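These are the residues of each chain, in order.
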Amino acid sequence: MKHIYKPGRRSDAPVLLLLHGTGGTEHDLLSLADAISPESAVLSVRGNVLENGMPRYFRRLAEGVFDIEDLIFRTGELNDFIDEAAVQYGFDRRNLVAIGYSNGANIAGSLLFHYENSMKGAILHHPMVPLRGVEIPDLSGVPIFIGAGENDPICVPQETEELAGLLKGAGADVAIHWERFGHRLTGTEVNAAAAWFQGRFGSSQT
Ligand code: MLT
């Protein structure tokens, strides 16, 4: 998959997996990595699917209606890619924290829903429930930050609560940060994610 890898300045800091929103690229979230954990290595991946020229991580049939078969296939493809990247670049596959926005948050959610130990934590900005009816692997001890909008028309609050409930049901430690800027990813949300990350994975915690 098309990607950027940047080595970190502290080998014990979590490796950040960056997953952009629809129409984004692997360059989009690099500034988030700097804001959240500047010493971390970064693996930023471009989605393999194109929708009218806009990169995404999986196909959708309409706004908010996912092509589940493709979602499952692409989730496996991304998981395999991360495994290969860990070998190629020599980072610890178990030391990965995902940061995803919108479509990127949805594929990160799908990784959590399908693969045990896919990541040791996640920051999900404006995620939806990626799919329903799957048995989620054990997520005990996995901290997850969800940034959501009380007035987000794409990821509505009820769906945010549903996602948080599913993740908590699998044992994850979920924190929800609410904003009122629709589907937008604001600076205050990023600052809240950075503070959350420091509390969970800052130097004294690693
Ligand atoms: C999705 O398709 O993943 C969600 O609707 C969010 C988006 O990318 O617009």
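Along every chain, residues carry numbers that run from 1 in the direction the sequence is written. Note on the predicted model: pLDDT of at least 70 is required for a residue's local features to be given, and 80 or more for side-chain atom pairs to be given and counted; whole-chain, interface and lining totals, by contrast, use all residues. As a convention, hydrogens and water are excluded, and side-chain values are obtained from all of the structure's heavy atoms.

As recorded by an unreviewed UniProt entry, the protein carries the name Alpha/beta hydrolase and is attributed to Cohnella endophytica.

K.L.:
Lay out helix H2 (residues 68-89) in plain terms, naming residues and giving numbers.
P.N.:
An α-helical turn contains 3.6 residues, so any two residues separated by three or four positions project in the same direction. Note on conventions: DSSP H or I runs of at least 4 residues are helices, E runs of at least 2 residues are strands, and numbering of each starts at the N terminus. Expected helix span is taken as 1.5 Å per residue step, with the number of steps being one fewer than the number of residues. Taking 1.5 Å per residue as the helical rise, H2 with its 22 residues ought to reach 32 Å, and the 31 Å between its terminal C-alpha atoms agrees with that figure. Each residue gets one of three labels from its accessible area relative to the maximum for its type: buried under 20%, exposed over 50%, partly exposed in between, using a 1.4 Å probe on protein chains only. Among all positions of H2, only Asp70, Leu71, Arg74, Thr75, Gly76, Leu78, Asn79, Phe81, Ile82, Ala85 and Ala86 are buried. For this analysis, residues touch if any pair of their heavy atoms sits within 4.5 Å. Here the buried face of H2 lies against strand E1 (3-6), strand E2 (15-19), strand E3 (42-45), strand E4 (49-51), strand E8 (96-101) and helix H3 (103-114). Positive backbone phi, at 75°, marks Gly90, one or two positions downstream of H2.

K.L.:
I'd like a rundown of the packing of aromatic side chains, residues and numbers included.
P.N.:
Any two rings among Phe, Tyr and Trp, with Trp reduced to its six-membered ring, count as a pair given centres within 6.5 Å; such a pair is stacked if its planes are under 30 degrees apart, edge-to-face if over 60, and tilted if neither. A full pass over the atoms with the stated rule returns six aromatic pairs. Judged by centre distance (6.1 Å) and plane angle (75°), the rings of Trp196 and Phe201 are edge-to-face. Each member of the pair, Trp196 together with Phe201, is buried. Taken together, Phe145, Trp196, Phe197 and Phe201 form an aromatic cluster joined through their ring pairs. Ring-over charges, as used throughout, are those where CZ of Arg or NZ of Lys falls within 6 Å of the ring centre and within 35 degrees of the ring normal. For Arg56, the ring lying beneath its charged end belongs to Phe58, and the centroid distance is 5.1 Å.

K.L.:
Quick rundown of unusual backbone geometry? Include the residues and the values.
P.N.:
Residue Asn52 is not a glycine yet carries a positive backbone phi of 50°. Tracing the chain through its elements places Asn52 in the loop between E4 and strand E5 (54-56). In the Ramachandran plot, Asn117 falls in the positive-phi region, its phi being about 60° despite a non-glycine side chain. Within the fold, Asn117 resides in the loop between H3 and strand E9 (121-125). For Asn117, a relative accessible area of 59% gives the class exposed.

K.L.:
How would you sum up the side chain of Glu179? Please name residues and give values.
P.N.:
Here Glu179 lies in strand E11 (residues 173-179). No salt bridge is formed by the buried Glu179; the nearest opposite charge belongs to Arg184, separated by 7.9 Å. We call two N or O atoms a polar contact when they sit within 3.5 Å, provided that within protein one can donate a hydrogen and the other can accept it, with sequence-adjacent residues counted only if both atoms are side-chain atoms. In this structure the side chain of Glu179 is engaged in a polar contact, spanning 3.3 Å, whose partner is the backbone nitrogen of Glu189. Once residues within four sequence positions are removed from consideration, Glu179 is found in contact with Ala148, Gly149, Glu150, Asn151, Thr186, Thr188 and Glu189. Under the convention used here, Asp and Glu are negative, Lys and Arg are positive, and both His and the chain ends fall outside the count. When a carboxyl oxygen of Asp or Glu lies within 4 Å of a side-chain nitrogen of Lys or Arg, that pair is called a salt bridge.

K.L.:
Describe in detail the site of the ligand, supporting the description with residues and values.
P.N.:
Residue proximity to a molecule or strand is established when one non-hydrogen atom of the residue lies within 4 Å of it. Residues in contact with the ligand, as listed here, are Thr22, Arg56, Phe58, Arg60, Glu63, Gly64, Phe66, Ser102, Asn103, Asn106, Met128 and Ile154. Taking Ser102, its side chain carries an N or O atom lying 3.5 Å from an oxygen atom of the ligand. One of the side-chain N or O atoms of Asn106 is found 2.8 Å from an oxygen atom in the ligand. The Shrake-Rupley method, run with a 1.4 Å probe sphere, supplies the accessible areas, and residue values consider only the shown protein chains as cover. Protein contacts shield 95% of the accessible area of the ligand, which totals 260 Å² for the unbound molecule. Under the convention adopted here, Pro, Cys and the residues Ala, Val, Leu, Ile, Met, Phe, Trp and Tyr are nonpolar, Asp, Glu, Lys and Arg are charged, and Gly plus all remaining residues are polar. Along the lines of polarity and charge, the residues of the shell around the ligand split into four nonpolar, five polar and three charged.

K.L.:
So what about the packing of H2 against H3? Which residues, and what values?
P.N.:
Between N-to-C directions, angles cover 0 to 180 degrees, with each direction set by a line fitted to C-alpha atoms, over the stretch in contact for helices. One can describe the packing of H2 onto H3 by two numbers: an axis separation of 10 Å at closest approach and a directional angle of 85°. Considered as vectors, H2 and H3 are oriented roughly perpendicular to each other. Two secondary-structure elements touch here, H2 through Leu71, Ile72, Arg74, Thr75, Leu78, Asn79 and Ile82 and H3 through Ile107, Ser110, Leu111 and His114. Among the residues making up the contact of H2 with H3, the classes are represented as six nonpolar, four polar and one charged. Here the angle decides the label: under 35 degrees means roughly parallel, over 145 means roughly antiparallel, 65 to 115 means roughly perpendicular, and every other value means oblique.

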